[in-house]
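Single-letter residue listing:
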Amino acid sequence: MKSETVNGATFETWTVDEVEAGMASGKIILIDVRTPQEYMFEHIHGALLMPMAGFDAGALPGQSDKQIVLHCGSGVRSEKMSRAAMDAGITRIGHMEGGFGAWKAAKKPYIGVNMGTGAPQRMG
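In this report, we go over the structure that sits alongside the text. Here the residue index of a chain counts from 1 through its sequence in written order. pLDDT decides what is reported in this predicted model: residues at 70 or higher carry local features, side-chain atom pairs at 80 or more are listed and counted, and totals for whole chains, interfaces and linings draw on all residues regardless. Water and hydrogen atoms were dropped before computing side-chain values, which therefore reflect all heavy atoms in the structure.

As for the pattern of salt bridges
In step 1: Salt-bridge detection follows one rule: a side-chain nitrogen of Lys or Arg within 4 Å of a carboxyl oxygen of Asp or Glu. Taken as a whole and assessed by the stated rule, the structure comprises nine salt bridges.
In step 2: Residue K108 is joined to E20 by a salt bridge in which the shortest nitrogen-to-oxygen separation is 2.8 Å. Taken together, the residues K108 in the loop between α4 (99-105) and β8 (110-113) and E20 in helix α1 (residues 16-24) connect sequence positions 88 residues apart.
In step 3: Only protein chains enter the accessibility calculation, which uses a 1.4 Å probe; a residue whose area is less than 20% of its type maximum is buried, one above 50% is exposed, and one in between is partly exposed. Classification of E20 by relative accessible area gives partly exposed; the value is 30%.
In step 4: Between D32 and R34 there is a salt bridge whose closest N-O contact spans 2.8 Å.
In step 5: Each of E4, E79 and R83 takes part in a single network of salt bridges with overlapping partners. Labels follow the DSSP assignment, with helices taken as runs of H or I lasting at least four residues and strands as runs of E lasting at least two, numbered in each case from the N terminus.

Geometry only, nothing functional implied.
Have a look at this one:
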């Protein structure tokens, strides 16, 4: 993972493999900053939703046991929200490089909508 220090805060850029491993080991909390509609259509199993439109760094969970990693569709929104969280006083935060697009390109599993039934199902 890449890491940089910005005004005393640590900003980390995680690869999809690192995020997958971090989630499997219970070391990270993955937060999706896309819209509710994007999340409902397809999302990473176990990711929490905190849309960019209502993003509140003060509402992020504490990081005593788990690292917070944000993600979006391409990595642009999650990087922007990570930096906003640092500006709001969060001292360590990460985001997933390439976002959900990179996750799908790497053929990682996710939850999507079965277009025949409208029900969520595991994909990838």
